[in-house]
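Structural features, examined
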Amino acid sequence: MAERHRSRLSGVLRLLAVCLIGAAAPVRAEPGVIAEGPQELRYLDLTPRPAAVAAVVEDGRAALRARGIEIGLTYIGEVFGGLRGGLRRGAVYAGRADIQIDADLGKLAGWEGLGFHASAYQIHGTGPTRYYVGSLAAVSGIEALPATRLQELWLEQSFLDRSLTLRAGNLAADAEFLVSPSATVFVNATFGWPVLAAANLPSGGPALPLTTPGIRARWNALPKTSLMLGLFNGDPAHARGDRLALDPQTRNRHGMDFSLHGSPFLIAEAAHAYVFGGAGPERTGTVKVGYFHHFGAFGDPRLDRDGNSLAAPWSSGLPARRRGDDGFYALIDQTVYREDADSDRGAAVFARLAASPSPASLVSLYADAGIVYKGLLPGRPDDVAGLGLAHTRIARRVRLSDWDRVAFSGSALPVRRSETAMELTYQAVVASGFTVQPSLQYVVGPGGRTGNPLLPGFPRIRNAVVLGLRATIQY
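Below you will find a few notes about this structure. Note that the coordinates shown come from a computational prediction; the quantities given were computed from them, not determined experimentally. (Residues numbered from 1 in each chain as written. Predicted model: local features only at pLDDT ≥ 70, side-chain atom pairs only at ≥ 80, totals over all residues. Heavy atoms only, no water.)

1. A few points about the overall build of the protein chain
- Helix and strand counts for the protein chain come out as eight helices and 18 strands.
- Relative to its 475 residues, the protein chain shows a buried fraction of 45%.
- Looking at the protein chain as shown, the accessible area adds up to about 23800 Å², and 63% of this sits on carbon and sulfur atoms. (Helix = DSSP H or I, 4+ residues; strand = E, 2+ residues; numbered from the N terminus. Buried < 20%, exposed > 50% of the residue type's maximum accessible area, 1.4 Å probe, protein only. Areas by Shrake-Rupley, 256 points an atom, 1.4 Å probe, with all protein chains shown as cover.)

2. Some remarks on helix 7 (residues 396-409)
- An ideal rise of 1.5 Å per residue puts 20 Å on 14 residues; helix 7 measures up with 20 Å between its terminal C-alpha atoms.
- When helix 7 is considered as a whole, its buried residues turn out to be Val398, Arg399, Ser401, Asp402, Asp404 and Val406.
- On its buried side, helix 7 packs onto strand 11 (283-304) and strand 15 (384-394).
- Backbone geometry just after helix 7 places glycine 410 at a positive phi near 70°. (Expected span 1.5 Å × (residues − 1). Contact = heavy atoms within 4.5 Å.)

3. A few points about the side chain of glutamine 334
- On the secondary structure map, glutamine 334 appears in strand 12 (residues 319-338).
- Judged by relative accessible area, glutamine 334 falls into the buried class, the value being 9%.
- Not counting chain neighbours up to four residues away, the residues in contact with glutamine 334 comprise Tyr274, Phe276, Arg283, Thr284, Gly285, Ala347, Ala348 and Val349.

4. Things to note about the nonpolar core
- In this structure, Phe177, Phe186, Trp193, Phe232, Ile267, Phe292 and Tyr329 are the most contacted members of the largest nonpolar core, which totals 30 residues.
- Elements with a contribution of two residues or more to this core: helix 5 (195-200), strand 9 (225-233), strand 10 (264-276), strand 13 (346-355), strand 14 (363-374) and strand 15.
- Setting aside anything within four residues of it in sequence, one finds tyrosine 329 in contact with Phe177, Leu178, Ile267, Ala268, Glu269, Lys288, Val289, Gly290, Tyr291, Phe292, Leu353 and Ala354.
- Membership of the second largest hydrophobic core comes to 10 residues, among which are Tyr132, Val139, Val187 and Val466. (Core = buried A, V, L, I, M, F, W, Y, C linked by side-chain atoms within 4.5 Å.)

5. Brief notes about the side chain of aspartate 402
- With respect to the secondary-structure elements, aspartate 402 resides in helix 7.
- A distance of 2.9 Å separates a polar side-chain atom of aspartate 402 from the backbone nitrogen of arginine 416.
- Once residues within four sequence positions are removed from consideration, aspartate 402 is found in contact with Pro414, Val415 and Arg416. (Polar contact = N/O pair within 3.5 Å; in protein donor to acceptor, adjacent residues only side chain to side chain.)

6. Remarks on the pairing of strand 12
- By the bridge criterion, 14 bridges tie strand 11 to strand 12 in an arrangement that is antiparallel. Note that in strand 12 the partner of glycine 299 across the bridge is arginine 321.
- Inspection of the sheet shows strand 12 paired to strand 13 by 10 bridges, in the antiparallel sense. Bridge assignment links isoleucine 332 to a residue of strand 13, and that residue is alanine 351. (Pairing = 2+ DSSP bridges.)

7. Quick notes on the packing of aromatic side chains
- For the structure shown, the criterion picks out 10 aromatic pairs.
- Their ring planes at 65° and their centres at 5.9 Å tell us that phenylalanine 186 and phenylalanine 350 sit as a pair that is edge-to-face. You can see phenylalanine 186 sitting in the loop between strand 7 (164-171) and helix 5 and its partner phenylalanine 350 sitting in strand 13, a full 164 residues away along the chain.
- Ring centres 6.3 Å apart and planes at 85° place the aromatic pair phenylalanine 191 and phenylalanine 350 in the edge-to-face group. (Phe/Tyr/Trp six-rings, centres within 6.5 Å; stacked < 30°, edge-to-face > 60°.)

8. Points about a nonpolar patch on the surface
- Where nonpolar side chains cluster on the molecular surface, the patch consists of Leu83, Ile371, Leu387, Leu424, Leu440 and Leu467 and spans about 510 Å² of accessible area.
- Assignment of secondary structure puts leucine 467 in strand 18 (residues 462-474).
- With a relative accessible area of 42%, leucine 467 lands in the partly exposed category. (Patch = residues over 30% accessible without salt bridge, like charges linked within 9 Å, V, L, I, M, F, W, Y side chains within 5 Å. Salt bridge = Lys/Arg side-chain N within 4 Å of Asp/Glu carboxyl O.)

9. What to know about the environment of valine 363
- Its place among the elements puts valine 363 in strand 14.
- For the pair formed by valine 363 and isoleucine 394, sequence separation is 31 residues and the distance between their alpha carbons is 4.6 Å.
- If we skip the residues at most four places from it in the chain, valine 363 touches Val195, Leu196, Ala199, Asn200, Ser356, Thr392, Arg393 and Ala395.

10. Observations concerning the pairing of strand 13
- Strand direction decides the pairing type here: strand 13 and strand 14, joined by 10 bridges, are antiparallel. Along strand 14, the bridge assignment pairs alanine 354 with tyrosine 366.

11. Digging into the pattern of salt bridges
- In this structure the tally under the stated criterion is 19 salt bridges.
- Where lysine 288 meets glutamate 269, a salt bridge forms, and the shortest distance between an N and an O atom there is 4.0 Å. Linking lysine 288 in strand 11 with glutamate 269 in strand 10, this pair joins segments that are 19 residues apart in sequence.
- Taking the relative accessible area as the measure of exposure, glutamate 269 reaches 5% and is therefore buried.
- The closest approach of N and O atoms between arginine 405 and aspartate 402, which form a salt bridge, is 3.2 Å. Remark: aspartate 402 and arginine 405 occur in helix 7; sequence separation between them is three residues, near one turn of the helix.
- Taking the relative accessible area as the measure of exposure, arginine 405 reaches 33% and is therefore partly exposed.

12. Here we look at unusual backbone geometry
- Put simply, leucine 208 and proline 209 share a cis peptide bond, and its omega is 10°.
- Tracing the sequence through the fold places proline 209 in the loop between helix 5 and strand 8 (212-222).
- A positive phi is found at leucine 178, a non-glycine position, where the angle reads about 65°.
- Structurally, leucine 178 can be placed in the loop between strand 7 and helix 5.

Right, here's the structure in full:
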């Protein structure tokens, strides 16, 4: 048995080598000058042959696929410019290169039902939100400090004829929880992992760009109904010892912090898929409801440990401790129109609502909605157009804390209330695996209408207009 496994592993390694050095395909020699005598001399033909190289690489990938290994490469490059408002005007470029490896260990090693996944990325450039916009909702979903990071690394075992799966390792909750399928086309990050979760949870929660050790169980209770339960380390960049940098991405710079020092974070979700019949093609839909709870201690945004306002001159400056942070959410994603039964061209709408009643929350209410249309323009069946809106409500205790600062300082400081982000986007398929996507965004009340730290007197950040262009290559 061991000898057979070694033989399989040797074969897989050889196939991987073919994929990685596919560009070094054999060079054909053409007849050249023939010298007098028995030996024939040939010149090397150094003419590039991209199609031949691609064929060799694809053959290698196909051979790996037959052994149960899938390798994916993605590069996203984007440029964004702040046209008006925000912290200041300016333009930036950011890029992210991803690699993903999935392996079916049943095919590869004879362990039936076991899967392996690893992903990593290298991000470079500058995101627009931190330096130019100042909004709670990140303008781009790939924004992060420049770094090379491990993303996810996990094993998943299936049971009961694959109706039950158990996943364990370094996980990202936003890969499966709180996801509205139609909203994934948008560039703004809040249409993925919403601001309510990113702002309330330590270090932004277990979501891009930070992952953390965790375990997830998924049970397909019925053919169209599933239940998911996830338990994660509650802080993917826990500050301890000499690791007290303010930015969590700096504390966990390469995604290699596998510690369990954060308090647990629990999230549960139920999903049901359905089909509307009637006249015309069938229209599918999905509804999801969920709840999450963080078991850690949080600082009160308004009161210190003696019950005084944190803005008072006599305050100790030490926030009162509040145990736990909760959140509830529900979403619906519904196809409302299909052009014909043989294609997926048509329109879908989505809506998502989330609330957090916990006294330590920065955001108490979040809602987003939008419409997407695939194949909107004639002759462009695979393009996707989308219009989305997301609204974030600042928690009442935070607003009262801002009023306390106004009262005790005697200055007309901004009082945070809400932020609303709108996005209009169009994802155009240029070629197989290559898309170009312009994105126009308008942000009302960036930061919840907070002050601009770059200007004297901290005036309120002006409403921002941001224009960007993203190009994505997938292989």
